[in-house]
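# Reading the structure
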Amino acid sequence: MFTGIVSGVGTVTAVTPIGAGQDMRLRIAVPQDQDAWRGLPGVVLGASIACSGCCLTVVEMGNDDWFAVDVSAESLSKTTLGAWTVGRHINLERPLRMGDELGGHMVSGHVDGIGALIAATPENGSTRWQFRAPPGLPRFIASKGSIAVDGVSLTVNEVEGDVFGVNVIPHTIAVTAFQDLRVGDGVNLEIDMLARYVARLAERDL
């Protein structure tokens, strides 16, 4: 489990096809200017790390400044991972531990679909971003509810059809890979798990 509070920005340094070319191994360099990542403290083989919203398992480590993860064909088809190339910046978050502060909301790291940034408008001291959600997801997105965008916990301002808006403050942009996000880019979306279960219970009651 994660909270959607990004603790560092990593960089993809290698992309290697595996599994007869159907799967992929990613090597990710961690930021060396942050204590949470310098030397990969506490990271072991088999550990889970959220990479721009995708919960992935560490399968290799080297030089205390990078780790590698394997990505299945299923994950490649359901996330933006298949489009990642060398040099891409990604949001990193370590798993939540019992007793940790829950600064965002409960995030599983299981991406529900790929959205797209369709507008970015300065608004007072922040930026209003509008995203288009893929079919099937809009009914789970509610005004003032939570959503994870590339692994970042954000509050939904409004929903209109398949478009929802959020306000992002400069600090969030500065400390995440959002600094690279441009209109037209795809993003990993994870809906609030509470909304998912409420909807399922409602279906069972019909």
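Up top you'll find the structure we're talking about.
Residues numbered from 1 in each chain as written. Predicted model: local features only at pLDDT ≥ 70, side-chain atom pairs only at ≥ 80, totals over all residues. Heavy atoms only, no water.

## With respect to the pattern of salt bridges
Put simply, the rule is: Salt bridges are defined as contacts in which a side-chain nitrogen from Lys or Arg sits within 4 Å of a carboxyl oxygen from Asp or Glu.
Counted under the stated rule, the structure contains 7 salt bridges. Each of the salt bridges in this network shares a partner with another, and the network as a whole consists of Arg 25, Glu 60 and Asp 70.

## A closer look at the nonpolar core
To keep it simple, the criterion reads: We call a set of buried residues a nonpolar core when its members are Ala, Val, Leu, Ile, Met, Phe, Trp, Tyr or Cys and they connect through side-chain atoms within 4.5 Å of each other. Only protein chains enter the accessibility calculation, which uses a 1.4 Å probe; a residue whose area is less than 20% of its type maximum is buried, one above 50% is exposed, and one in between is partly exposed. Think of it this way: any DSSP run of H or I at least four residues long counts as a helix, any run of E at least two long counts as a strand, and we number them from the N terminus. We call two residues in contact when some of their heavy atoms are within 4.5 Å.
Within the largest apolar cluster, 23 residues are counted, with the highest numbers of intra-cluster contacts made by Leu 26, Ile 28, Ile 49, Cys 51, Phe 67, Leu 81 and Leu 92. When residues of this core are traced back to their parent elements, those giving at least two are strand S2 (23-29), strand S3 (48-51), strand S4 (54-62), strand S5 (66-71) and strand S6 (89-93). Leaving out residues up to four positions away in the same chain, Ile 49 has contacts with Phe 2, Trp 37, Val 43, Cys 54, Cys 55, Leu 56, Val 58, Phe 67, Leu 92 and Glu 93. Ranked by size, the runner-up nonpolar core spans 22 residues in total, among them Ile 141, Val 149, Leu 154 and Phe 178.

## Points about the environment of Arg 97
By the element assignment, Arg 97 lies in the loop between S6 and strand S7 (113-123). Linking Arg 97 and Ile 18, residues 79 residues apart in sequence, is a C-alpha distance of 32 Å.

## Thoughts on the sheet that holds strand S1 (residues 8-18)
Inclusion rule: Two strands form a pair only when DSSP identifies at least two bridges running between them. Angles here are taken between N-to-C directions and fall from 0 to 180 degrees, while the axes themselves are lines fitted to C-alpha atoms, restricted in helices to the stretch in contact.
Pairing in this closed barrel of 6 strands is antiparallel, and the strands run S1-S2-S5-S4-S3-S6 around the ring. Between one strand axis and the next, the sheet turns by 45° as a mean value, whatever way the strands run. With 7 bridges joining them, S1 and S2 adopt antiparallel strand pairing. Looking at the pairing, Thr 11 lines up with Ala 29 of S2.

## Things to note about the packing of aromatic side chains
As a reminder, the rule being used: Under the pairing criterion, centres of Phe, Tyr and Trp rings, with the six-membered ring standing for Trp, must be within 6.5 Å; the plane angle then separates stacked pairs below 30 degrees from edge-to-face pairs above 60, leaving the rest tilted.
Counted by the stated rule, this structure contains 3 aromatic pairs. Ring geometry for Trp 129 against Phe 178: centres 5.0 Å apart, planes inclined by 75°, an arrangement best described as edge-to-face. Here Phe 178 lies in the loop between helix H2 (170-174) and strand S12 (186-191) and Trp 129 lies in strand S8 (residues 126-132), a separation of 49 residues in the sequence. Of the two residues examined, Trp 129 and Phe 178, each falls in the buried class. Relative to Phe 164, the ring of Phe 131 lies with its centre 5.5 Å away and its plane at 25°, an arrangement referred to as stacked.

## What about the environment of Val 9?
Position of Val 9 among the secondary structure elements: in strand S1. Note: C-alpha distance between Val 9 and Ala 177 (168 residues apart in sequence) is 6.2 Å.

## Some thoughts on the side chain of Ser 108
For clarity, the cut-off: Pairing of N or O atoms within 3.5 Å defines a polar contact, subject to two protein rules: one partner must be a possible hydrogen donor and the other a possible acceptor, and residues neighboring in sequence count only if both atoms are side-chain atoms.
Within the secondary structure layout, Ser 108 lies in the loop between S6 and S7. Classification of Ser 108 by relative accessible area gives buried; the value is 12%. A polar contact is formed between the side chain of Ser 108 and the backbone nitrogen of His 110, at a distance of 3.1 Å.

## With respect to the sheet that holds S8
In a beta sheet, neighbouring strands pair by backbone hydrogen bonds and run either parallel or antiparallel. Reading around the barrel, the 6 strands line up as S7-S8-S11-S10-S9-S12 and close back on themselves, with antiparallel pairing between neighbours. Across the sheet, the mean angle from the axis of one strand to that of its neighbour is 45°, orientation sign disregarded. Bridge count between strand S10 (residues 152-160) and strand S11 (residues 163-168): 4 bridges; the pairing is antiparallel. Considered in S11, the bridge of Val 159 is made with Phe 164.

## What about the pairing of S12?
Burial within S12 is extensive, with 5 of its 6 residues counted as buried. Two strands pair when backbone bridges link them, and S7 and S12 are joined in this way by 4 bridges, in the antiparallel orientation. Note that in S12 the partner of Gly 113 across the bridge is Leu 189. Across 3 bridges, the pairing between strand S9 (residues 146-149) and S12 is antiparallel. Bridge pairing links Val 149 to Leu 189 in S12.

So yeah, pure geometry; function would need other evidence.
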